[in-house]
Amino acid sequence: MASTVRVDLDGNEVKAMTICMIGAGGFIGSHLCEKILSETSHKVLAVDVYNDKIKHLLEPQTKQWVERIQFHRINIKHDSRLEGLIKMADLTINLAAICTPADYNTRPLDTIYSNFIDALPVVKYCSENNKRLIHFSTCEVYGKTIGSFLPKDSPLREDPQFYLLSEDASPCIFGPIEKQRWSYACAKQLIERLVYAEGAENGLEFTIVRPFNWIGPRMDFIPGIDGPSEGVPRVLACFSNNLLRGEPLKLVDGGESQRTFVYIKDAIEAVLLMIENPARANGHIFNVGNPHNEVTVKQLAEMMAEVYSKVSGEPALEQPTIDVSSKEFYGEGYDDSDKRIPDMTIINRQLGWNPKTSLWDLLESTLTYQHRTYAEAIKQATAKPVASS
Ligand code: NAD
Ligand code: UDP
């Protein structure tokens, strides 16, 4: 337990609080639970349908933490216990969602329900019971950049006003209905608008977080090891899986899309600042990303191949990447975001937060984790059975 008194950014003591964290068993939730338990005195009511990623926090060996975390196996779609937990807490953080692009095409209904309908009771219970809410949205609400509509060789594409994504100024530009990535974006946008309206009309104290590609250990799963063999996780886990198996990394439509990646541990610092500085965070929407870590997906693949070879001692792949069409990889109806650079003005001004970790460093620590966690299991899974005499 944290022994010193915690103070907020204005020098006031931060009192211990109870946090109802929905989706606590996922990638971001697991890191947030760890951070809260190891650095603060807050209690966590952890709600999820799974707890594999937070098992280490729930075991009796972690005695000093066990008393401050309670796991509730609840599906928020249909469970009357949810309102009671929100009432018991000072703050609710909602992370629950289907947020993997491969699911947007294959499970479009689940995607919309999960990101909009299922979040409705959470917003309602917080509003009716005067409880603060931190809701996780996505950078995907911005959709395509204005610059993507300019000719490929237009010098205006280099002008930040055509690509920088700002919470209070940028439009939300989505593609057609049959491109179902935008159904995820649209569901997230609508719940943001609802949260905002609850704040404006009924005084809900809220903060909305728009993550820009947070990556690190425990993100998603490695197909065939701790997830379905045919499953398609997000890019970090896809490329890790290829590297662990010694296969070329698959570049969807040439890997030309651009992303900015932020280390999960940096991003979690930002969330803790929001938790402990309600006066500065309430009523705001925050981009949380690292504008300095921009790469194309192809550059990410090449860097991951180089880092993996360094941390695993395995020779570099002769052919590190291979092109694959989005139709082949994701099926009909896939569309992509072209470029995502977060404007950091609001989070800098309100919380003084900046990310610290370079892309190389975050890949080095993440791929060290992936190698340590999965290499042996993959070796065993792919070992040829010994022929019997
Ligand atoms: P994740 O899939 O690892 O975690 C989501 C968790 O929610 C899972 O553990 C899942 O079991 C749980 N969940 C889903 N539906 C539930 C239900 N009905 N009842 C109970 N639990 C349920 O995803 P993540 O990367 O940790 O993302 C968390 C949030 O952040 C999501 O809202 C996502 O849209 C948003 N986000 C994340 C990123 C990123 O870079 N990781 C980017 C954009 C947005
Ligand atoms: N991608 C890829 N190969 C893969 C997995 C993903 O080229 O094996 C691409 C995908 O098409 C997208 C980017 O990587 O352009 C990031 O995908 P991710 O699933 O991480 O989520 P997104 O950032 O699109 O929400």
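The rules behind each value
- Residues numbered from 1 in each chain as written.
- Chains lettered and ligands numbered in written order.
- Predicted model: local features only at pLDDT ≥ 70, side-chain atom pairs only at ≥ 80, totals over all residues.
- Heavy atoms only, no water.
- Helix = DSSP H or I, 4+ residues; strand = E, 2+ residues; numbered from the N terminus.
- Buried < 20%, exposed > 50% of the residue type's maximum accessible area, 1.4 Å probe, protein only.
- Contact = heavy atoms within 4.5 Å.
- Areas by Shrake-Rupley, 256 points an atom, 1.4 Å probe, with all protein chains shown as cover.
- Lys, Arg positive; Asp, Glu negative; His and termini not counted.
- Charge placed at Lys NZ, Arg CZ, Asp CG, Glu CD.
- Core = buried A, V, L, I, M, F, W, Y, C linked by side-chain atoms within 4.5 Å.
- Salt bridge = Lys/Arg side-chain N within 4 Å of Asp/Glu carboxyl O.
- UniProt positions renumbered as here; feature names shortened; annotations may be inferred.
- Polar contact = N/O pair within 3.5 Å; in protein donor to acceptor, adjacent residues only side chain to side chain.
- Near = heavy atom within 4 Å.
- Nonpolar A, V, L, I, M, F, W, Y, C, P; charged D, E, K, R; others polar.
- Pairing = 2+ DSSP bridges.
- Axes fitted to C-alpha atoms, helices over the stretch in contact; angles between N-to-C directions.
- Phe/Tyr/Trp six-rings, centres within 6.5 Å; stacked < 30°, edge-to-face > 60°.
- Lys NZ or Arg CZ within 6 Å of the ring centre and 35° of its normal.

The helix and strand inventory of the chain stands at 15 helices and 15 strands. For the chain, the proportion of its 389 residues judged to be buried stands at 53%. A separation of at least 24 residues holds for 79% of the contacts in the chain among residues at least 6 apart in sequence. When the accessible area of the chain is evaluated, it comes to approximately 18100 Å², of which 51% is carbon and sulfur surface. Averaging the coordinates of the 41 positive side-chain charges in the chain and doing the same for the 51 negative ones gives two points 4 Å apart.

With 68 residues, the main nonpolar core has Ile93, Trp214, Met274, Ile275 and Val288 as its most contacted residues. In terms of residue count, helix 10 (residues 264-276) provides more of this core than any other element does, eight residues in total. Excluding its chain neighbours within four sequence positions, the residues that come into contact with Trp214 are Phe27, Ile28, Phe136, Val209, Met219, Val262, Ile264, Ala267, Val271 and Val288. One finds Ile76, Ile86, Leu133 and Ile191 within the second-largest nonpolar core, a separate group that totals 24 residues.

It is possible for side chains bearing opposite charge to pair when their charged atoms get close. This structure, assessed with the given rule, holds 22 salt bridges. Two residues, Asp79 and Arg81, come together in a salt bridge whose shortest N-O distance is 2.9 Å.

Bringing the UniProt feature "domain: NAD-dependent epimerase/dehydratase" (unreviewed entry) in the chain into the picture now. Taking the numbering used here, the UniProt-annotated feature "domain: NAD-dependent epimerase/dehydratase" (unreviewed entry) corresponds to residues 19-289. Strand forms 18% of residues 19-289 and helix 37%; the C-alpha atoms that close the span are 24 Å apart.

Structurally, Thr138 can be placed in the loop between strand 5 (132-136) and strand 6 (164-165). For Thr138, the side chain forms a polar contact with the main-chain nitrogen of Glu140, separated by 2.9 Å. Here Thr138 is in contact with Tyr184, Lys188, Val209, Arg210 and Pro211, once residues within four sequence places are set aside.

Let us now look at the site of ligand 1. Near ligand 1 you find 25 residues, and of these Phe27, Asp48, Asn75, Lys188 and Trp214 are the closest. The backbone of Phe27 places a nitrogen or oxygen atom 2.8 Å from an oxygen atom of ligand 1. Within the contact set of ligand 1, an oxygen atom lies 3.1 Å away from a backbone nitrogen or oxygen of Leu95. In the complex, the protein chains occlude 89% of the 820 Å² of accessible area that ligand 1 would expose alone. Looking at the shell around ligand 1 residue by residue, the class counts come to 15 nonpolar, seven polar and three charged.

The next point concerns the site of ligand 2. Residues in contact with ligand 2 amount to 18 residues; listed here are only the nearest, Lys250, Arg259, Tyr334, Asp336 and Arg340. Separating an oxygen atom of ligand 2 from a backbone N or O atom of Val252 is a distance of 2.9 Å. In the model, an oxygen atom of ligand 2 is placed 2.7 Å from a nitrogen or oxygen of the Arg259 side chain. Surface burial for ligand 2 is 95%, taken as the share of its 530 Å² of free accessible area covered by protein chains.

Another point: the sheet that holds strand 7 (residues 206-211). Two strands in a sheet stick together by hydrogen bonds in their backbones, pointing the same way (parallel) or opposite ways (antiparallel). Pairing is parallel in the open sheet, where seven strands are placed in the order 3-2-1-4-5-7-12. Of all the strands in the sheet, just strand 3 (69-73) and strand 12 (284-288) have a single pairing partner and so form its edges. The mean angle between the axes of side-by-side strands here comes to 15 degrees, regardless of whether they run parallel or antiparallel. Where helix 1 (residues 27-39) meets the sheet, its contacts fall on strand 1 (18-22), strand 2 (43-48), strand 3, strand 4 (91-94) and strand 5, and the angle it forms with strand 1 comes to roughly 165 degrees. Contacts from helix 7 (residues 120-128) reach strand 1, strand 4 and strand 5, with the element oriented near 160 degrees to strand 5.

Quick look at the packing of aromatic side chains now. What the rule picks out here adds up to seven aromatic pairs. On the numbers, 5.8 Å between centres and 85 degrees between planes, the contact of Phe136 with Trp214 is edge-to-face. Here Trp214 lies in strand 8 (residues 214-215) and Phe136 lies in strand 5, a separation of 78 residues in the sequence. The class of Phe136 is buried, set by a relative accessible area of 4%. Centroid distance Tyr330 to Tyr334: 4.0 Å. Interplanar angle 15 degrees. Geometry classified as stacked. By relative accessible area, which is 12% here, Tyr334 ends up buried. Within the aromatic cluster, the residues linked to one another by ring pairs are Phe329, Tyr330 and Tyr334. Stacked on the ring of Tyr163, the Lys or Arg Lys339 has its end atom at 4.8 Å from the ring centre.

The backbone of Asn130 sits at a positive phi, close to 50 degrees, despite the residue not being glycine. When you line up the elements, Asn130 lands in the loop between helix 7 and strand 5. Backbone geometry places Arg218, a non-glycine residue, at a positive phi of 70 degrees. Looking at the element boundaries, Arg218 is found in the loop between strand 8 and helix 9 (235-244).

To continue, consider helix 7. Turning to helix 7, its buried residues are Val122, Val123, Tyr125, Cys126 and Ser127. On the buried face of helix 7, the contacting elements are strand 1, helix 4 (81-88), strand 4, strand 5 and helix 8 (181-202).

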